[in-house]
Amino acid sequence: GLGFNIVGGTDQQYISNDSSIYVSRIKKDGAAYLDGRLQEGDKILAINGKELKDLRHKDAVELFRNAGYYVSLKIQRRLQPQNGPVGHQGDGDSGGLPLAAILVPGLALAATAVWILLRYRQRI
């Protein structure tokens, strides 16, 4: 997967009167975690150019599962002011998030680590 969980949708609103899709959890050592740009609480506006408006939660999950090898996300950063409620910043245009830029090297690194581990175990 892409290394994060989502919440929200028309049938499972995360925020009252808001059916948007939000990042609920970044999985440690997953693609999104290693990339470092996506944060918990970010609102995901689009994936690969497809807007995430008026979707049921399971339909949004399917879009992420079928996103393909190269993934671009349009997000709206969620800010937590020091004294005050959580708000949102800007128009949400982050320029996209090419997770493949970290996913490809990450998979290569993982494959190399497994290969080294297997070679090391054979010598013991």
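Each value, and the rule that gives it
Residues numbered from 1 in each chain as written. Predicted model: local features only at pLDDT ≥ 70, side-chain atom pairs only at ≥ 80, totals over all residues. Heavy atoms only, no water. Helix = DSSP H or I, 4+ residues; strand = E, 2+ residues; numbered from the N terminus. Buried < 20%, exposed > 50% of the residue type's maximum accessible area, 1.4 Å probe, protein only. Contact = heavy atoms within 4.5 Å. Areas by Shrake-Rupley, 256 points an atom, 1.4 Å probe, with all protein chains shown as cover. 1 Å grid on protein atoms, 1.4 Å probe; cavity = no way out; pocket = protein on both sides within 12 Å on 5 of 7 lines; lining within 4 Å. Points joined across faces, edges and corners; volume = space filled by probe spheres on them. Nonpolar A, V, L, I, M, F, W, Y, C, P; charged D, E, K, R; others polar. Core = buried A, V, L, I, M, F, W, Y, C linked by side-chain atoms within 4.5 Å. Phe/Tyr/Trp six-rings, centres within 6.5 Å; stacked < 30°, edge-to-face > 60°. pLDDT = per-residue confidence, 0-100.

*Asks:* Run through the overall build of the chain, naming residues and quoting values.
*Replies:* When helices and strands are tallied, the chain shows three helices and seven strands. Within the chain, buried positions represent 33% of all 124 residues. Put simply, 51% of the contacts in the chain that link residues at least 6 apart link residues at least 24 apart. As presented, the chain carries roughly 8,200 Å² of accessible surface, and 51% of it is formed by carbon and sulfur atoms.

*Asks:* Describe the layout of surface pockets, with residues and values.
*Replies:* Over the atoms, a rolling probe the size of a water molecule traces out where space has been left empty. When its volume is computed, the largest pocket comes out at roughly 320 Å³. Forming the boundary of the largest pocket are 13 residues, of which Gly1, Leu2, Phe4, Phe64 and Arg65 lie nearest the centre. Its residues placed into classes, the lining of the largest pocket shows seven nonpolar, four polar and two charged. Estimates place the volume of the second largest pocket at around 180 Å³. Examining the composition of the lining of the second largest pocket, we find that four residues originate from one element, strand E3 (residues 43-47), more than from any other. In the lining of the second largest pocket, the residues fall into five nonpolar, two polar and five charged.

*Asks:* Residues and numbers for the nonpolar core, please.
*Replies:* Core analysis: the largest hydrophobic core is formed by 19 residues, its most contacted members being Phe4, Ile6, Leu38, Ile44, Phe64 and Leu73. For this core, the secondary-structure elements that each account for two or more residues are strand E1 (4-8), strand E2 (21-26), E3, helix H2 (57-65) and strand E5 (73-76).

*Asks:* Explain the packing of aromatic side chains residue by residue, including any values.
*Replies:* Within this structure, the stated rule accounts for three aromatic pairs. On the numbers, 5.7 Å between centres and 90° between planes, the contact of Phe4 with Phe64 is edge-to-face. Note that Phe4 is positioned in strand E1 and Phe64 in helix H2, a separation of 60 residues in sequence.

*Asks:* So what's going on with the confidence of the model for the chain? Which residues, and what values?
*Replies:* Overall, the prediction assigns the chain a mean pLDDT of 80, with 72% of residues at 70 or greater. A low-confidence stretch, residues 84-94 (pLDDT under 50), is modelled with 27 contacts involving residues beyond four sequence positions or located in other chains.

*Asks:* I'd love a proper account of unusual backbone geometry, names of residues and values included.
*Replies:* Its identity is not glycine, yet Asn17 carries a phi of approximately 60°, on the positive side. Within the secondary structure layout, Asn17 lies in the loop between E1 and E2. Despite not being glycine, Asp54 has its phi angle at roughly 55°, a positive value. Mapped onto the fold, Asp54 is located in the loop between strand E4 (50-51) and H2.

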